[in-house]
Amino acid sequence: LKLWEALTRLGTMPGPGDVCLDLGGSPGGWTWVLASLGAKVVCVDKAPLAPHVAAMPGVSYLPGSAFAVDVAEHPGLSWLFWDVICYPGRLLTYLTRLAARPDCPRLVCTVKFQGETDFAAIAELAAIPGGRLFHLSNNKHELTFVRLRPGEDHGLDRFFAGLPAAPPAETP
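These numbers come from a predicted model, not from an experiment.

K.L.:
I would appreciate a short explanation of the packing of aromatic side chains in the present structure.
P.N.:
The description of an aromatic ring pair uses the distance of the two centres, along with the angle that the planes make with each other. Evaluation of the coordinates by the stated rule reveals five aromatic pairs. When the ring of W79 is compared with that of F81, the centres are 5.5 Å apart and the planes differ by 10°; the resulting orientation is stacked. Each of the two residues, W79 as well as F81, counts as buried. Judged by centre distance (4.9 Å) and plane angle (40°), the ring pair of W82 and Y94 falls under tilted. Of this pair, W82 sits in strand β4 (residues 77-82) while Y94 is found in helix α4 (residues 88-99), placing the two residues twelve residues apart along the sequence. Both residues of the pair, W82 and Y94, count as buried. One aromatic cluster is present, built from ring pairs that chain together W30, W79 and F81. One cation-aromatic arrangement involves R9 over F134; the distance from NZ or CZ to the ring centre is 4.2 Å.

K.L.:
Whenever I open this one, the environment of A68 confuses me. Can you help?
P.N.:
Within the secondary structure layout, A68 lies in the loop between β3 (59-63) and β4. In sequence terms A68 and V44 are 24 residues apart; their C-alpha atoms lie 9.6 Å from each other.

Rules used throughout
Residues numbered from 1 in each chain as written. Predicted model: local features only at pLDDT ≥ 70, side-chain atom pairs only at ≥ 80, totals over all residues. Heavy atoms only, no water. Phe/Tyr/Trp six-rings, centres within 6.5 Å; stacked < 30°, edge-to-face > 60°. Buried < 20%, exposed > 50% of the residue type's maximum accessible area, 1.4 Å probe, protein only. Helix = DSSP H or I, 4+ residues; strand = E, 2+ residues; numbered from the N terminus. Lys NZ or Arg CZ within 6 Å of the ring centre and 35° of its normal.

What follows is the structure, encoded as structure tokens:
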């Protein structure tokens, strides 16, 4: 449900012709969604995909760590999905390097907090150009980070543009 909500809020989603990396994708819920939309999906995880997901057309599985993935080894990559259990600082390091690349794909990443909420990491993620952070209805102790390519329209932008301005704060 998290992925469907994130894509709905983005106002765009992968489809035929798109190449997606699903990092931390086992047992395959997000891979199943992406392949069902017609995208080619490469799932990277230490644990295998569920057999019915691994058998879907356009799905491939690479055993290993998400942190070892070099996006340059995936030509035509249009989307990167991340649902890896890790500290937010580690995700921040990965995303900062990735966002600096001119060929950075669209990003949908779960930011998982273990123990205390890492507000410093939240602030740094929010500062990544073009990125958005939000709490989805199915996020528990986590947030979702999204980023489209420069110049692409966020459904979120259209949504927020249609909201009325907040009333001025009352002063005591």
